[in-house]
Amino acid sequence: MRLDKYTVGNYVPGAPLWKQIAWYYLGSPLVSSYWILSYEFKCWVLRCFGAQMGQGIFVKQGLRVKFPWRLAVGDFAWLGENCWIDNVAMVTIGSNACISQDVYLCTGNHDWSSPTFELRDTPINIGAGAWIAARAVVGPGVFVGDGAVLCLGSVACKSLAPMTIYAGNPAQPLRERKMSATPDLEFPDPNLG
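How each quantity is defined
- Positions within a chain are numbered from 1, following the residues in the order the chain's sequence is written.
- Restriction of local features to residues with pLDDT of at least 70 applies here, the model being predicted, together with a cutoff of 80 or more for giving and counting side-chain atom pairs; totals for whole chains, interfaces and linings are based on all residues.
- To get the side-chain values, take all heavy atoms of the structure and skip hydrogens and water.
- Comment: elements are numbered from the N terminus, with helices defined as DSSP H or I runs of at least four residues and strands as E runs of at least two.
- Throughout this description, buried means an accessible area under 20% of the type-specific maximum (1.4 Å probe, protein chains only), exposed means over 50%, and partly exposed covers the range between.
- Here, residues are in contact when the closest pair of their heavy atoms is within 4.5 Å.
- Method for areas: the Shrake-Rupley scheme with a 1.4 Å probe, in which residue coverage is limited to the protein chains shown.
- The charged-residue count follows a simple rule in which Lys and Arg add positive charge and Asp and Glu add negative charge, with His and chain termini not counted at all.
- Each charge is placed at NZ for Lys, CZ for Arg, CG for Asp and CD for Glu.
- When we speak of the arc, we mean the arc of directions from the helix axis to the C-beta atoms.
- Here the aromatic set is Phe, Tyr and Trp, taking the six-membered ring for Trp, and pairing holds for ring centres within 6.5 Å; pairs whose planes are under 30 degrees apart are stacked, those over 60 apart are edge-to-face, and all others are tilted.
- In this scheme, Lys NZ or Arg CZ marks a charge over a ring once it lies within 6 Å of the ring centre and within 35 degrees of the ring normal.
- Every case where a carboxyl oxygen of Asp or Glu lies within 4 Å of a side-chain nitrogen of Lys or Arg is listed as a salt bridge.
- When DSSP finds two or more bridges between a pair of strands, those strands are recorded as paired.

What follows deals with the overall build of the protein chain. Each helix and strand in the protein chain was counted, giving two helices and 19 strands. Looking at the protein chain as a whole, 44% of its 193 residues qualify as buried. Looking at the protein chain alone, contacts between residues at least 24 apart form 30% of all its contacts between residues at least 6 apart. Just so you have it, the protein chain exposes about 10400 Å², and 59% of that area is on carbon and sulfur atoms. Charge-centre separation for the protein chain: the mean point of 15 positive side chains lies 7 Å from the mean point of 14 negative side chains.

Along an α-helix, residues three or four positions apart point the same way, because every turn accommodates 3.6 residues. Among the residues of helix H2 (residues 39–48), Lys 42, Cys 43, Val 45 and Leu 46 are the ones counted as buried. For H2, the angular spread of the buried residues around the axis is 160°, confining them to a single face. Looking at the buried positions of H2, the neighbouring elements they touch are helix H1 (17–32), strand S1 (52–53), strand S2 (58–59) and strand S3 (64–65). Just beyond H2, the residue with positive phi is Gly 50, at close to 105°.

Next up on the list: the packing of aromatic side chains. In the structure shown here, the tally under the stated rule is six aromatic pairs. Between Trp 84 and Tyr 104, the aromatic rings sit 4.7 Å apart at their centres with planes inclined by 40°, giving tilted as the arrangement. Of this pair, Trp 84 sits in strand S6 (residues 84–86) while Tyr 104 is found in strand S9 (residues 104–106), placing the two residues 20 residues apart along the sequence. Residue class for Tyr 104 comes out partly exposed when judged on its relative accessible area of 23%. Cation over ring: Arg 64 sits above Trp 84, and NZ or CZ is 4.0 Å from the ring centre. Looking at Lys 66, its charged tip hangs above the ring of Phe 67, at a distance of 5.8 Å from the centre.

With that out of the way, let us pick up the pattern of salt bridges. In the structure shown here, the tally under the stated rule is four salt bridges. Across the pair Lys 60 and Glu 81 runs a salt bridge, and its minimum N-O distance is 3.8 Å. Of this pair, Lys 60 sits in the loop between S2 and S3 while Glu 81 sits in the loop between strand S5 (78–79) and S6, placing them 21 residues apart in sequence. Residue Glu 81 is classed as partly exposed on the basis of its relative accessible area of 23%. Here Asp 102 ties to Arg 135 by a salt bridge, and the two come within 3.4 Å at their closest N and O atoms. Pair noted here: Asp 102 is in the loop between strand S8 (98–99) and S9 and Arg 135 is in the loop between strand S13 (131–132) and strand S14 (137–138), with a separation of 33 residues, a long-range link. You can call Asp 102 partly exposed: its relative accessible area is 31%.

Strand order in this open sheet of five strands is S3-S6-S9-S14-S17, and the pairing throughout is parallel. Whereas interior strands pair on both sides, the edge strands pair on one side only; in this sheet they are S3 and strand S17 (155–156).

The next thing to look at is the side chain of Lys 19. As for its placement among the helices and strands, Lys 19 is situated in helix H1. Buried and without a salt bridge, Lys 19 has Asp 121 as its closest oppositely charged side chain, separated by 16 Å. Excluding residues that lie within four positions of it along the chain, Lys 19 makes contacts with Phe 49, Gly 50 and Trp 69.

Right, let's get into the sheet that holds S8. Pairing in this open sheet of seven strands is mixed, and the strands run S2-S5-S8-S13-S16-S18-S19 from one edge to the other. Among the strands making up the open sheet, the edge pair consists of S2 and strand S19 (172–176). As paired strands, strand S16 (residues 149–150) and strand S18 (residues 164–167) are joined by two bridges and run parallel to one another. Residue pairing across strands places Leu 150 opposite Tyr 166, the latter belonging to S18.

If you want it as structure tokens, here you go:
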């Protein structure tokens, strides 16, 4: 491998240079701030830079987002302290999903067979009601099904089935996630379609 010949291949950041600079020097520090506690303000800043943000989202201190214009978050989702959304490709987070403290969502990789170590980017999709527990890692191209759980410190390199609990490195299914009966919560039936 020749890192002096590194190339990003066909990759483009998806926003003009002025917007990238404004994000890095203004938007990102405001969103990651420990001094600003308002979730609504942080969501507003993310929206100003192109993120699709639903209502009632919790944005905790230390959140890092690479490119807000490649982020979509559904209603009432939680984005935990020091979560890093490294989204060179699109990251979609469903409604009522919980992304806990120190989670790393990585959409970028490199072609290790290429002498120029080309950048590869693949989206991540996290379903409604899913929980990515503290210090877990979700890799490029992973689809996390609705209601799935990725346990503490686990690493998901492959997609996770709906309503299933996963743990380990690499993450392996442990058991079905069963929800207690609550009339105001609707989760998809994992046995349908």
